[in-house]
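If you want the building blocks of each chain, they are given just below.
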Amino acid sequence: MSSSTWKKTILGSTFVILSILYAYLLAIHGGSNWNLSFNIERIKSLENIFLSPTNFDYWNHSGTPVNLFMPWLTSILFMPLFRLGNDTVSYLLLFFVINLLTFISSYYFSEKLFRDTLQSFLFSIIYTLSLTRFNLVFDNQVSNYLILIFLPIVFYGLFQMIEGKFKFWPVFSLGMILISLTSPWMSIGIAVTAIIMILLGVFSKQTHNWKYWGMMLLTGFESLILVIISTLGYTVPLIEQNNFYQNKIKYSYIRLGNFDFKNYYGSVQNKYLLISAIFIILVVIVFALMKTRLVVKLTAFGVIITGLLSTDLIAWDFAGYDFKRLTFYFWIICIYLFCQFVSNLLASVLRNHSSLLKLFILLVVTVISCISVYANAAIFKSDNSLSTGLDHQERMMVHYPNKSIKTKTDLNDFIINGKKSDIATQIYSDSFEFKYYDPNSVTIDIPVLAYKGRHVQINNETTSTKVSKRGTIKIKTQPGANIVHISYQYSGLAKISLLVSLAGLLILCWLILNKGRWTIRKIVYNG
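Remember, it's a predicted structure, so these values are computed and weren't measured experimentally. (Residues numbered from 1 in each chain as written. Predicted model: local features only at pLDDT ≥ 70, side-chain atom pairs only at ≥ 80, totals over all residues. Heavy atoms only, no water.)

**Student:** What exactly am I supposed to notice about the sheet that holds strand 5 (residues 425–428) here?
**Tutor:** Sheets are built from strands paired through backbone hydrogen bonds, the pairs being either parallel or antiparallel. An order of 5-6-12-8-9 is seen for the five strands of this open sheet, with the pairing classed as antiparallel. Because the sheet does not close on itself, it has two edges, and the strands there are strand 5 and strand 9 (461–462). One ladder, built from seven bridges, connects strand 6 (residues 431–438) with strand 12 (residues 480–488); its direction is antiparallel. Considered in strand 12, the bridge of F434 is made with V484. (Pairing = 2+ DSSP bridges. Helix = DSSP H or I, 4+ residues; strand = E, 2+ residues; numbered from the N terminus.)

**Student:** Would you explain the nonpolar core in this entry?
**Tutor:** Counting residues in each nonpolar core, the largest one holds 132 residues, and the members touching the most others are Y145, L151, F155, I162, F434 and I446. The biggest single contributor to this core is helix 15 (residues 325–350), with 14 residues. Every residue in contact with F434, bar those within four places of it in the chain, is listed here: F414, I423, A424, T425, I444, I446, I475, N482, I483 and V484. (Core = buried A, V, L, I, M, F, W, Y, C linked by side-chain atoms within 4.5 Å. Buried < 20%, exposed > 50% of the residue type's maximum accessible area, 1.4 Å probe, protein only. Contact = heavy atoms within 4.5 Å.)

**Student:** Sorry if this is basic, but what is going on with the packing of helix 4 (residues 87–114) against helix 8 (residues 151–162) here?
**Tutor:** Geometry of a packed helix pair, given as the angle between the helix axes and the separation of the axes. Interhelical geometry of helix 4 versus helix 8 gives an angle of 10 degrees and a closest axis separation of 9 Å. Classified by the interaxial angle, the pair formed by helix 4 and helix 8 is roughly parallel. Along the contact surface, helix 4 presents S105, S106, F109, K112 and L113, while helix 8 presents P152, I153, Y156, F159 and Q160. For the contact of helix 4 with helix 8, the per-class residue count stands at six nonpolar, three polar and one charged. (Axes fitted to C-alpha atoms, helices over the stretch in contact; angles between N-to-C directions. Parallel < 35°, antiparallel > 145°, perpendicular 65-115°, else oblique. Nonpolar A, V, L, I, M, F, W, Y, C, P; charged D, E, K, R; others polar.)

**Student:** Explain the environment of L298 here, please?
**Tutor:** Here L298 lies in helix 14 (residues 294–309). Overall, the relative accessible area of 2% leaves L298 in the buried class. Once the C-alpha coordinates of L298 and L200 are considered, the two residues, 98 residues apart in sequence, prove to be 7.4 Å apart. If we skip the residues at most four places from it in the chain, L298 touches F159, I162, M197, L200 and G201.

**Student:** Can you help me understand the pairing of strand 8 (residues 454–458) in this one?
**Tutor:** Side-chain positions along a regular strand alternate between the two faces of the sheet. Sheet analysis places strand 8 next to strand 12, joined by five bridges and oriented antiparallel. Note on strand 12: the bridge partner recorded for Q457 is H485. Adjacent in sequence and paired antiparallel, strand 8 and strand 9 are bridged by two residues, among which N459 carries a positive phi angle near 55 degrees.

**Student:** Which parts of the structure should I look at to understand a nonpolar patch on the surface?
**Tutor:** Where nonpolar side chains cluster on the molecular surface, the patch consists of V97, L101, I104 and Y108 and spans about 310 Å² of accessible area. Within the secondary structure, I104 is located in helix 4. (Patch = residues over 30% accessible without salt bridge, like charges linked within 9 Å, V, L, I, M, F, W, Y side chains within 5 Å. Areas by Shrake-Rupley, 256 points an atom, 1.4 Å probe, with all protein chains shown as cover. Salt bridge = Lys/Arg side-chain N within 4 Å of Asp/Glu carboxyl O.)

**Student:** Would you mind going over the pattern of salt bridges with me for this structure?
**Tutor:** Any two side chains of opposite charge can pair if their charged atoms end up close together. This structure, assessed with the given rule, holds five salt bridges. Between K44 and D87 there is a salt bridge whose closest N-O contact spans 3.4 Å. Taken together, the residues K44 in helix 2 (residues 34–44) and D87 in helix 4 connect sequence positions 43 residues apart. The burial state of K44 is the same as that of D87; both residues are buried.

**Student:** Would you take a moment to explain a positive patch on the surface for this structure?
**Tutor:** On the surface, R115, K165, K167, K515 and R517 cluster together to form a positively charged patch. Along the chain, K515 turns up in the segment after helix 17 (492–513). (Lys, Arg positive; Asp, Glu negative; His and termini not counted. Charge placed at Lys NZ, Arg CZ, Asp CG, Glu CD.)

**Student:** What is the right way to read the pairing of strand 7 (residues 443–449) from this model?
**Tutor:** Of all seven residues in strand 7, six are buried, a share of seventy percent or more. When strand 3 (residues 414–416) meets strand 7, the two strands line up antiparallel, connected through two bridges. Paired with I416 across the bridge in strand 7 is I444. When strand 7 meets strand 11 (residues 472–476), the two strands line up antiparallel, connected through five bridges.

**Student:** Even after reading the chapter, I still don't get the sheet that holds strand 11, so can you show me in this structure?
**Tutor:** Within the open sheet, the five strands sit side by side as 4-3-7-11-10. Their pairing is antiparallel. Each having just a single partner strand, strand 4 (419–421) and strand 10 (466–467) make up the two edges of the open sheet.

**Student:** Is there a simple way to think about helix 5 (residues 117–128) in this case?
**Tutor:** In an α-helix, one full turn covers 3.6 residues, which means residues spaced three or four apart are oriented alike. End to end, helix 5 covers 16 Å across 12 residues, agreeing with the expected 16 Å (1.5 Å per residue, within 8%). Counting buried residues along helix 5, 11 of its 12 residues qualify, which places the element largely inside the surrounding structure. Buried within helix 5 are the following residues: L118, Q119, S120, F121, L122, F123, S124, I125, I126, Y127 and T128. Looking at the buried residues of helix 5, the elements they touch are helix 1 (3–29), helix 4, helix 6 (131–138), helix 8, helix 15 and helix 16 (355–378). One side-chain oxygen at the N-terminal end of helix 5 lies 3.1 Å from the backbone nitrogen of L118; it belongs to D116. (Expected span 1.5 Å × (residues − 1). Polar contact = N/O pair within 3.5 Å; in protein donor to acceptor, adjacent residues only side chain to side chain.)

**Student:** Could you clarify how one ought to interpret the packing of aromatic side chains in this entry?
**Tutor:** Each aromatic ring pair is summarised here by two numbers: the centre-to-centre distance and the angle between the ring planes. Summed over the entire model, instances satisfying the criterion amount to 27 aromatic pairs. Ring centres 5.0 Å apart and planes at 90 degrees place the aromatic pair Y108 and F109 in the edge-to-face group. Given the relative accessible area of 15%, F109 is considered buried. Ring centres of F123 and Y127 lie 5.2 Å apart, and the angle between their planes is 15 degrees; on these two criteria the pair is classed as stacked. One end of the pair is F123 and the other is Y127, both in helix 5 and four residues apart, which spans about a single turn. No difference in accessibility class separates F123 from Y127, as the two residues are buried. (Phe/Tyr/Trp six-rings, centres within 6.5 Å; stacked < 30°, edge-to-face > 60°.)

**Student:** For this particular structure, what's the right way to read the environment of S19?
**Tutor:** For S19, the location among the structural elements is in helix 1. Placed 79 residues apart in sequence, S19 and I98 show a C-alpha to C-alpha distance of 8.9 Å. Dropping the residues within four chain positions of it, S19 is found in contact with F96, N99, L100 and F103.

Here is the structure:
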């Protein structure tokens with residue numbers, strides 16, 4: 001085999017082995033919690049997403065369209081894993097796949113950017129086995145550690161653009177789209193970070209020309225338009241609802257306001273001292289290495305800026321809107337850039353040394369990272385193991401109509417003419433049915449949440465509905481026998497937006513293959 005094939009085989013085998021060991025640690029030391037139950041419930045509920053935004057088999061049969069409020073394109077890829085019949089095994093397989101993809105993505109795009117195998121391998125190990133990612137994994141925050149696959153993509157495209165290689169703008173768009181369709185809050189954090197980094201590029205001589213900034217504005221605008229188009233399938237149905245409540249974040253991720261200057265070495269303060277020390281060291285290093293590549297300088301400044309943005313130094317309440325949730329995602333971006341900077345620093349120090357020393361340092365970093373993960377897993381405590389404690393009841397619900405905020409714990413009963421009653425129901429993935437007989441017409445408050453897009457039939461005839469005081473569907477029955485059928489359907493506008501998003505993704509694929517050009521290039525024939 002060629003040296004290139006040997007390298008790929010060794011790297012691939014290493015990533016697979018480490019991913020298996022990480023999944024084993026999660027199986028032995030991990031625990032079930034609300035996040036795990038919610039994420040499993042959500043992924044399984046996607047089985048009918050193309051037919052209806054609601055799956056009545058889940059979410060306590062309440063009819064809540066969770067998948068309208070949370071993007072699902074990247075999550076649906078894992079749905080087949082949960083057809084195995086064992087949720088614990090399925091979740092461990094999901095984690096193994098995500099872990100392996102994180103290793104591969106971080107290595108591949110770092111190698112494409114820096115053309116340095118040692119640096120790319122170091123970055124892949126440090127990043128994938130970082131303690132911040134460990135915390136996300138053991139807290140079962142699937143969507144938050146899923147987006148870590150896409151950060152290398154978006155920063156690869158961004159850094160190429162900053163260095164004047166504007167043909168890579170579709171790659172940046174791809175990363176932004178994947179992140180937006182996994183965690184919209186992270187996409188906002190990335191957008192803010194990208195704007196700051198682009199503006200910081202003005203201090204580099206290679207950006208001192210009008211053509212550069214013209215192309216940056218053009219490709220930035222093209223990226224924005226393509227991201228908007230490709231995410232319309234999520235944003236349009238969400239905007240159509242415009243009537244739901246979600247819990248707010250009380251505090252910024254890092255609360256520097258709690259720093260106690262009288263207790264420098266208290267356990268709570270050590271984290272802040274460490275963060276401050278790292279930032280100071282990075283500033284010194286940046287100024288000491290002024291001849292380094294622009295991307296490296298921006299990475300270091302990015303660590304400092306995103307680290308500060310993750311604190312309470314900034315008031316995150318603007319115009320009545322609360323953006324404190326962003327601080328958590330700025331911290332994840334900070335850790336990504338920090339891992340990239342450290343790997344670059346290590347590779348730079350080792351660049352003129354022997355291959356044996358490089359291999360030794362690589363092994364040392366890998367072993368230390370693995371020991372760190374193992375040590376933290378060993379002391380991790382959970383009340384329930386992964387195989388127990390899964391909850392599929394109403395407490396899994398996180399989105400409610402505004403009317404349901406005060407009564408969300410009392411949504412399980414039918415209420416007939418003001419009195420609670422029990423009625424047998426038939427539940428299907430895309431519909432909720434029940435039969436009711438009364439010689440007189442009555443008002444029934446049904447334990448199904450009222451959202452736009454509801455379609456109610458009585459005896460196969462569409463009927464009008466009202467919204468009850470508790471935010472559920474209320475109907476007027478016909479005298480005699482009633483067969484009530486409730487379903488949720490996508491609006492015409494939502495269906496169009498899904499098709500437009502599909503078209504946007506196809507255009508993106510074409511632009512990536514065509515190196516960012518909208519026009520069809522000429523094909524040259526020999527002879």
